Amino acid sequence: MKLLVDASFPRTLVHAPNSQGIEILRVEGDIGDDQLPQVASQRGCGGIVVAGHEMFTDLTLTRTAADLGIALFCSVEEDPFAAENSLRSALPQVQRILAHHTGGAWWLYRGGRLAQADLPDA
Amino acid sequence: MLTAIALADTWSSDPALDAFEGVLGVLSDDEAAAAPSSIGQILPLLVADRDRLRLGLELVVRLDLVEALAGLQPLLMAGDQDALLAAASQVNSPQVPPMLRDVLLVQGSDLDGWARDIFLGRVDPTFAPETDVGRADKAARWPTGHLTSGSALVGVEMPSDNFSPKAHLAVVVALARAGCLVRRVPTQGVAALGLPSWVPVIGPSAAAAPFRVTAALDTLRRRRLLAAIAKLYPVAQLRLDFHREGLERRSVPLLDDIEVFDAGAIPRREVQFLSASGPSRLARAKDFPALAPREFRGLNYWTFSQLVGLRVAAYLFRQSGRPRGLMQVANDLVDVVRSEKQVPVAVTSTGAVVVERHGSLHELESGQVVMGEVVAIDEIYQPFPLGGGAAPALLQPSGRTAVHPSIARGLPCVAGTRIPVGVIGKALSSTPGPDGPARVANLFELDEASVEDARTVSSRILAYR
């Protein structure tokens with residue numbers, strides 16, 4: 001089970017201990033937002049974690065992720081270390097979502113709380 | 001060719017390319033093959049007419065006419081500054097004879113000030129320009145400058161058995177018109193010039209497949225380019241490739257070319273920084289339908305097209321010093337940029353938006369033909385002075401940062417990455433101490449110079465209230 005995290009997360013997430021059996025990969029290079037689902041698919045990832053809630057305004061990103069059955073997680077934390085901590089806390093729930101291969105989109109709030117995002121255009 | 005340059009219509013929207021294309025249309029293939037070197041031979045004859053000489057040199061640079069350099073030798077030997085700067089763009093091409101390269105380097109070493117900055121920036125990729133104009137030029141050139149897959153760099157195959165010289169030059173002109181940096185590459189392909197593998201190469205044998213268009217171009221430029229190529233080639237279906245190094249190519253039909261972030265995703269401070277707009281201008285934007293930001297959780301976000309419109313307003317304000325009507329100009333412009341049809345756009349010095357129709361410029365509002373001087377919208381992407389400061393280059397705000405509307409939703413990022421400068425700024429504030437930059441660089445797999453540059457840009461953005 002693999003999860004692709006955006007480059008705005010520090011690399012300490014990769015090989016993080018207690019990652020619930022999830023292999024965490026980090027985005028490399030300057031690929032476009034709308035390409036993230038393809039990259040995740042090619043690298044065998046069932047989910048993508050991005051930062052900044054504006055990411056869900058990219059309809060190509062959300063539509064493609066939905067088409068490919070890839071789950072989107074969007075951290076609303078602005079501080080990269082706070083976002084990292086929130087993601088670590090959320091990993092057990094992320095693991096369950098990835099295990100069901102359901103795709104979908106979730107907001108990731110402080111402390112690791114996940115809330116399903118309503119994306120009518122996706 | 002001499003007549004074409006001598007009689008070029010300097011009132012046209014692009015005098016150099018218009019003049020060249022006018023001649024190209026009546027040339028045979030054999031004549032077209034000789035055209036690049038012919039330009040080099042005639043330019044020394046124009047030395048007394050600097051404007052015409054610069055027009056010809058502009059062709060050498062924009063069309064990558066490396067064959068012209070041999071003819072330019074008298075000008076280079078005489079230390080002609082314009083010729084040296086033009087030739088500097090070609091000096092790294094393997095097609096330049098070593099002796100000519102030596103002449104160029106020796107003569108160029110006598111330049112000083114901004115000219116020296118530009119010359120060395122074009123010749124030496126490792127040179128760090130000291131002036132703003134030098135930095136801007138370096139950012140805009142290849143192979144010098146900070147080159148990333150976000151660059152609008154396109155290769156065009158040299159003429160071959162199934163690629164006539166005339167068709168080759170027509171493609172080069174179309175690309176230059178679309179705002180691409182063109183490199184004319186041997187048919188052996190990209191490897192011969194040492195281009196990165198992600199650089200798209202256009203030509204019959206380059207792909208034997210749909211023509212590839214760089215996703216690095218903004219939407220308007222992509223549309224211009226696709227429309228231009230569609231006129232030149234009877235291809236059944238043009239495709240837009242989202243090609244990046246190491247990734248499988250994904251093609252989508254042209255008709256599905258969706259402009260991303262139509263909903264608006266660039267926050268206020270970043271818009272202020274990149275559009276050189278104060279808070280009052282952004283507040284007034286809400287009164288104009290095409291400029292009104294998207295509101296989300298009490299915050300405002302703008303699209304890249306809106307950002308360009310606001311930047312035009314700032315540019316015109318700097319030129320005219322009068323704010324009246326400029327927001328309406330920006331508003332009109334955004335609507336045009338959004339239009340589905342490719343429309344060359346410019347503005348007059350009085351602030352009227354003009355569009356090109358049937359080869360001439362017309363005012364958008366009145367439909368009247370415009371005869372005066374205009375500013376092509378592409379110029380708005382370059383840095384310009386403003387009040388006590390300066391507006392940064394829109395797509396490369398600093399030496400190691402870049403902006404692309406589809407990367408991190410248009411936020412300024414460390415060049416070549418998806419890491420917004422704001423992330424680096426916040427990481428640095430959470431990592432105090434003298435080794436903070438080194439630790440942050442390690443955490444984000446960057447070099448320290450990029451971290452420092454990102455910190456500077458981030459600080460400038462945060463300075464906006």
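Criteria and cut-off values
- Residues numbered from 1 in each chain as written.
- Chains lettered and ligands numbered in written order.
- Predicted model: local features only at pLDDT ≥ 70, side-chain atom pairs only at ≥ 80, totals over all residues.
- Heavy atoms only, no water.
- Helix = DSSP H or I, 4+ residues; strand = E, 2+ residues; numbered from the N terminus.
- Buried < 20%, exposed > 50% of the residue type's maximum accessible area, 1.4 Å probe, protein only.
- Contact = heavy atoms within 4.5 Å.
- Areas by Shrake-Rupley, 256 points an atom, 1.4 Å probe, with all protein chains shown as cover.
- Arc of directions from axis to C-beta.
- Salt bridge = Lys/Arg side-chain N within 4 Å of Asp/Glu carboxyl O.
- Pairing = 2+ DSSP bridges.
- Core = buried A, V, L, I, M, F, W, Y, C linked by side-chain atoms within 4.5 Å.
- Axes fitted to C-alpha atoms, helices over the stretch in contact; angles between N-to-C directions.
- pLDDT = per-residue confidence, 0-100.
- Parallel < 35°, antiparallel > 145°, perpendicular 65-115°, else oblique.
- Phe/Tyr/Trp six-rings, centres within 6.5 Å; stacked < 30°, edge-to-face > 60°.
- Polar contact = N/O pair within 3.5 Å; in protein donor to acceptor, adjacent residues only side chain to side chain.

Student: Quick question: what am I supposed to make of the overall build of chain B here?
Tutor: Across its full length, chain B holds 20 helices and 16 strands. Each of the 465 residues in chain B was classed as buried or not, and the buried ones make up 54%. If you take every contact in chain B between residues at least 6 apart in sequence, the share linking residues at least 24 apart comes to 62%. Of the roughly 19,700 Å² of accessible surface on chain B, a fraction of 54% belongs to carbon and sulfur atoms.

Student: I'm lost on helix α7 (residues 98-108) of chain B in this one. Help?
Tutor: Because the α-helix completes a turn every 3.6 residues, residues three or four places apart line up on one side. Residues and elements named next belong to chain B. All of the buried residues in α7 are L100, V103, L104 and G108. Down the axis of α7, the smallest arc covering the buried residues is 120°, so these residues share one side. Of the exposed residues in α7, those oriented more than 90 degrees away from the buried face are P98, M99 and V106. Those residues of α7 hidden inside the fold are in contact with α5 (73-77), α6 (81-88) and α8 (113-123).

Student: I keep staring at the pattern of salt bridges and nothing clicks. Help me out?
Tutor: Oppositely charged side chains may form a pair once their charged atoms are brought near each other. Residues and elements named next belong to chain B. Evaluation of the coordinates by the stated rule reveals 18 salt bridges over all chains. Across the salt bridge formed by R52 and D49, the nearest N and O atoms sit 4.0 Å from each other. Of the residues examined, D49 reaches a relative accessible area of 34% and is grouped as partly exposed. Close ionic contact of R455 with E452 constitutes a salt bridge, the shortest N to O distance being 3.2 Å. Here R455 and its partner E452 are both found in helix α20 (residues 448-462), three residues apart, which amounts to about one turn of the helix. Judged by its relative accessible area of 33%, R455 falls in the partly exposed class. Since its relative accessible area comes to 32%, E452 is described here as partly exposed.

Student: Is there a simple way to think about unusual backbone geometry in this case?
Tutor: With the exception of glycine, the majority of residues adopt a negative phi angle, and the majority of peptide bonds are in the trans configuration. Residue and element names in this part refer to chain B. Despite not being glycine, D64 has its phi angle at roughly 55°, a positive value. Residue classification places D64 among the buried residues on the basis of a relative accessible area of 4%. Although it is not a glycine, R409 sits at a positive phi angle of roughly 45°. Mapped onto the fold, R409 is located in the loop between β15 (401-402) and β16 (413-414). By relative accessible area, which is 8% here, R409 ends up buried.

Student: How should the sheet that holds strand β6 (residues 266-267) of chain B be read in this particular structure?
Tutor: The strands making up a sheet are joined through hydrogen bonds of the backbone, oriented either antiparallel or parallel. Residue and element names in this part refer to chain B. With antiparallel pairing, the three strands of this open sheet are ordered in space as β6-β8-β7. At either margin of the open sheet sits one strand with a lone partner, and together these are β6 and β7 (294-296). In the sheet, β6 pairs with strand β8 (residues 299-302) via two bridges, with the strands oriented antiparallel. Paired with P267 across the strands is Y301, a residue of β8.

Student: Got a minute to help me understand the nonpolar core in this structure?
Tutor: It is characteristic of soluble globular proteins that their nonpolar side chains tend to be buried jointly. Residues and elements named next belong to chain B. Counting residues in hydrophobic clusters, the biggest one holds 58 residues, and the most contacted among them are F20, L43, L59, L63, L76 and F119. With seven residues, helix α10 (residues 165-177) is the single largest residue contributor to this core. Discounting chain neighbours no more than four positions away, the residues touching L76 are L69, A83, L84, A87, L100, V103, L104 and Q107.

Student: Looking at this structure, how should I read helix α2 (residues 15-24) of chain B?
Tutor: Taken across its 10 residues, α2 of chain B has seven buried, putting it largely inside the fold. Contacts from the buried residues of α2 of chain B go to α1 (2-6), α3 (29-42), α4 (50-62) and α10 of chain B.

Student: Just to check I follow, could you spell out the sheet that holds strand β3 (residues 47-51) of chain A for this structure?
Tutor: Residue and element names in this part refer to chain A. Strand order across the open sheet formed by six strands is β2-β1-β3-β4-β5-β6, with mixed pairing between neighbours. Either end of the sheet is taken by a strand with one partner, and the two such strands are β2 (23-26) and β6 (114-116). Recorded for the sheet is a direction-independent mean angle of 25° between the axes of neighbouring strands. The pairing of strand β1 (residues 2-5) with β3 spans three bridges and is classified as parallel. Bridging from a neighbouring strand, L4 pairs with I48 of β3.

Student: So what exactly am I meant to see when it comes to the confidence of the model for chain A here?
Tutor: Detailed reading of the predicted model is not advised wherever pLDDT is low. Of all residues in chain A, 89% attain a pLDDT of 70 or more, and the chain-wide mean is 84. Least confident of the elements in chain A is helix α2 (residues 59-68) of chain A, whose mean pLDDT is 76; most confident is β1 of chain A, at 94.

Student: Please explain the packing of α3 of chain B against α10 of chain B as it appears in this structure.
Tutor: Two quantities define a packed helix pair, namely the angle between the helix axes and the distance between the axes. Residues and elements named next belong to chain B. The N-to-C vectors of α3 and α10 enclose an angle of 50°; their axes lie 7 Å apart at closest approach. By the angle class used here, α3 and α10 are oblique. Together, D29, A32, A33, A35 and P36 of α3 and P165, K166 and L169 of α10 make up the contact between the two elements.

Student: Would you explain the side chain of T401 of chain B in this entry?
Tutor: Structurally, the position occupied by T401 of chain B is in strand β15. Discounting residues that sit within four places of it in the chain, T401 of chain B has contacts with Q396, C413, V414, A415, V421, D453, A454 and V457 of chain B.

Student: How should I be thinking about the packing of aromatic side chains in this particular structure?
Tutor: Two numbers describe a pair of aromatic rings. These are the distance of the centres and the angle of the planes. For the coordinates displayed, the defined rule picks out two aromatic pairs over all chains. Relative to W106 of chain A, the ring of F73 of chain A lies with its centre 5.6 Å away and its plane at 20°, an arrangement referred to as stacked. With F73 of chain A in strand β4 (residues 71-75) and W106 of chain A in strand β5 (residues 105-108), this pair connects stretches of sequence that are 33 residues apart. Take F73 of chain A and W106 of chain A: they sit in the same class, and that class is buried. Between the aromatic rings of Y315 of chain B and F384 of chain B, the centroid separation amounts to 5.0 Å while the plane-to-plane angle is 85°, which identifies the pairing as edge-to-face. Within this pair, whereas Y315 of chain B is found in helix α16 (residues 304-320), its partner F384 of chain B is found in strand β13 (residues 384-386), the two being separated by 69 residues in sequence. Accessibility assignment for this pair places Y315 of chain B and F384 of chain B in one class, buried.

Student: Please clarify how the environment of Q272 of chain B should be interpreted in this entry.
Tutor: Residue and element names in this part refer to chain B. Along the chain, Q272 turns up in helix α14 (residues 268-275). Residue class for Q272 comes out buried when judged on its relative accessible area of 0%. Taking the C-alpha atoms as reference points, Q272 and A391, 119 residues apart in sequence, are found 9.9 Å from one another. When residues no more than four places from it in sequence are discounted, the contact partners of Q272 are S277, G278, P279, L282, Y464 and R465. Within the structure, Q272 has its side chain in polar contact with the side chain of R268 (distance 2.8 Å).

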